[in-house]
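Here are the chains, one letter per residue:
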Amino acid sequence: MATKPKKKNPRLASGRKRVRQDIKINAANTSLRSKYRTAVKNVEKAVLAGDKDKATELFAKMQKVVDTVADKGIFHKNKAARDKSRLSTKVKALATAAA
């Protein structure tokens, strides 16, 4: 049975501090990554449901979240732009279909 090799603790104070910081940063990034994906998923659900008003409202909120996360470098800015573009097209198609 293969077990994970035990991680060694850094000896230098700067290394120990780096580990402490990495844990905090990792938790923050994980939270923001989740927020991003949830925002995108909520817009997609509204589009699939055919709810034009809700989709438009959620899309506006999603743009803010996506831009914030991309600015922090958690997702690449091109991925953020791609996601916004694709969802914008879906929301607009929904609006024209309803009209």
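In what follows, the structure referred to is the one given above.
Residues numbered from 1 in each chain as written. Predicted model: local features only at pLDDT ≥ 70, side-chain atom pairs only at ≥ 80, totals over all residues. Heavy atoms only, no water.

Q: Can you explain the overall build of the protein chain? Please cite residues and give values.
A: Within the protein chain, the secondary structure is distributed over three helices and zero strands. Helices (α) and strands (β) of the protein chain occur, in sequence order from the N terminus, as α-α-α. Here the C-alpha atoms of the protein chain give a radius of gyration of 20 Å, more than 25% beyond the 13 Å that 2.2 N^0.38 yields for 99 residues. Residue burial in the protein chain is summarised as follows: out of 99 residues, 24% are buried. Split by element, the accessible area of the protein chain, about 7900 Å² in all, is 54% carbon and sulfur. Separation between the mean location of the 27 positive side-chain charges and that of the 8 negative ones in the protein chain comes to 14 Å. (Helix = DSSP H or I, 4+ residues; strand = E, 2+ residues; numbered from the N terminus. Rg over C-alpha atoms; globule rule 2.2 N^0.38 Å. Buried < 20%, exposed > 50% of the residue type's maximum accessible area, 1.4 Å probe, protein only. Areas by Shrake-Rupley, 256 points an atom, 1.4 Å probe, with all protein chains shown as cover. Lys, Arg positive; Asp, Glu negative; His and termini not counted. Charge placed at Lys NZ, Arg CZ, Asp CG, Glu CD.)

Q: Could you give me a rundown of the pattern of salt bridges, with the residues and numbers involved?
A: This model, assessed by the stated rule, comprises four salt bridges. Two residues, R18 and D22, come together in a salt bridge whose shortest N-O distance is 3.5 Å. Note that R18 and D22 are positioned in helix α1 (residues 13-49) at a spacing of four residues, about one turn of the helix. Classification of R18 by relative accessible area gives partly exposed; the value is 44%. Residue K79 pairs with D83 through a salt bridge whose shortest N-O separation is 3.3 Å. You can see K79 and its partner D83 sitting in helix α3 (residues 77-98), four residues apart, about one turn around the helix. Residue K79 is classed as partly exposed on the basis of its relative accessible area, which comes to 25%. Given a relative accessible area of 13%, D83 falls into the buried group. (Salt bridge = Lys/Arg side-chain N within 4 Å of Asp/Glu carboxyl O.)

Q: Summarise the environment of L94; cite the residues concerned and give the values.
A: On the secondary structure map, L94 appears in helix α3. Look at L94 and you get buried, because its relative accessible area is 16%. For L94 and L48, which are 46 residues apart along the polypeptide, the C-alpha to C-alpha distance reads 9.2 Å. In this structure, L94 is in contact with A46, V47, G50, D51, K52 and A55, ignoring residues within four places of it in sequence. (Contact = heavy atoms within 4.5 Å.)

Q: Tell me about the packing of α1 against helix α2 (residues 52-71), residues and numbers included.
A: One way to put it is that α1 packs onto α2 with a least axis distance of 9 Å and a crossing angle of 160°. Classified by the interaxial angle, the pair formed by α1 and α2 is roughly antiparallel. In this structure, α1 meets α2 at a crossing whose hand is left-handed. On α2, the residues that touch L32, K35, Y36, A39, V40, N42, V43, A46 and V47 of α1 are K54, A55, L58, F59, M62, V65, V66 and V69. (Axes fitted to C-alpha atoms, helices over the stretch in contact; angles between N-to-C directions. Parallel < 35°, antiparallel > 145°, perpendicular 65-115°, else oblique. Left-handed = near helix turned anticlockwise from the far one by under 90°.)

Q: Can you tell me about the nonpolar core, naming the residues and giving the values?
A: One finds Y36, V43, M62 and V69 to be the most contacted residues of the largest nonpolar core, which totals 21 residues. At the level of secondary structure, the elements contributing two or more residues to this core comprise α1, α2 and α3. With eight residues, the single largest contributor to this core is α2. (Core = buried A, V, L, I, M, F, W, Y, C linked by side-chain atoms within 4.5 Å.)

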